Amino acid sequence: MKLKIPPAIVTGIFVGLMWGIDYFFNEVGFLGLPWPNIIAEVLLAIGVLFGVLSIYQFHRNTTTIDPLNLDQTASLVTDGIYQLSRNPMYVAFLLLLIAYSLVLQNILSLFCVPLFVVYLNRYQIEPEEEALLEKFGDEYREYRQEVRRWI
């Protein structure tokens, strides 16, 4: 697999990028949304729920959560939260970034969110899908047709 940077690290890089954008351009594009912290807390709670449930499903199916070593994947997880999304851990990271952008209230930092999705699709999810297709064949092909990549 081509992947070199763990998704949690990528998320951290984007958080840092968003912070930097807000620090240097905090007067540009103030969102001014009502109740940004409450909305951010709700999104963060949903993200944590997605993350915890996805890790639980992997543990329950005795397979690895390490996206850098897909050759250690013991089974294809398709139940629980994986019936809503093929990538609930990445949905959790996405919700964290959206919540952080709401806390920052900076429109420029919000532009990092779609960049994160594009990056993860290209450099994380597509290589993972290739590896899973190779390992699980028709079972993964059918699952991919039934469940969306994100939500």
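Refer to the structure printed above.
No experiment lies behind these values; they were computed from the predicted model shown.

K.L.:
I'd like a rundown of the nonpolar core, residues and numbers included.
P.N.:
One broad rule of soluble globular proteins: the nonpolar side chains tend to lie buried together. Ranked by size, the top nonpolar core spans 33 residues in total, and within it Tyr82, Phe116 and Trp150 carry the most contacts. Where this core is concerned, the elements lending two or more residues are helix 1 (7-24), helix 2 (36-60), helix 3 (88-104), helix 5 (112-136) and helix 6 (138-146).

K.L.:
So what about the pattern of salt bridges? Which residues, and what values?
P.N.:
Counting across every chain of the model gives five salt bridges. The salt bridge partner of arginine 60 is aspartate 79, with a shortest N-O separation of 3.1 Å. With arginine 60 in helix 2 and aspartate 79 in the loop between helix 2 and helix 3, this pair connects stretches of sequence that are 19 residues apart. Overall, aspartate 79 belongs to the partly exposed group, its relative accessible area being 24%.

K.L.:
An account of helix 3 is needed here, citing residue identities and associated values.
P.N.:
Over its 17 residues, helix 3 runs 24 Å from end to end, which matches the ideal 24 Å to within 8%, given 1.5 Å per residue. Within helix 3, twelve of the 17 residues are buried, which leaves the element mostly enclosed by the surrounding structure. Within helix 3 the residues assigned to the buried category are Pro88, Met89, Tyr90, Val91, Ala92, Leu94, Leu95, Leu97, Ala99, Ser101, Leu102 and Leu104. Along its buried surface, helix 3 packs onto helix 1, helix 2, helix 4 (107-110) and helix 5. Phi turns positive, to about 60°, at glutamine 105, one or two residues after helix 3.

Conventions adopted
Residues numbered from 1 in each chain as written. Predicted model: local features only at pLDDT ≥ 70, side-chain atom pairs only at ≥ 80, totals over all residues. Heavy atoms only, no water. Core = buried A, V, L, I, M, F, W, Y, C linked by side-chain atoms within 4.5 Å. Buried < 20%, exposed > 50% of the residue type's maximum accessible area, 1.4 Å probe, protein only. Helix = DSSP H or I, 4+ residues; strand = E, 2+ residues; numbered from the N terminus. Salt bridge = Lys/Arg side-chain N within 4 Å of Asp/Glu carboxyl O. Expected span 1.5 Å × (residues − 1). Contact = heavy atoms within 4.5 Å.

These values are about where atoms sit, not about what they do.
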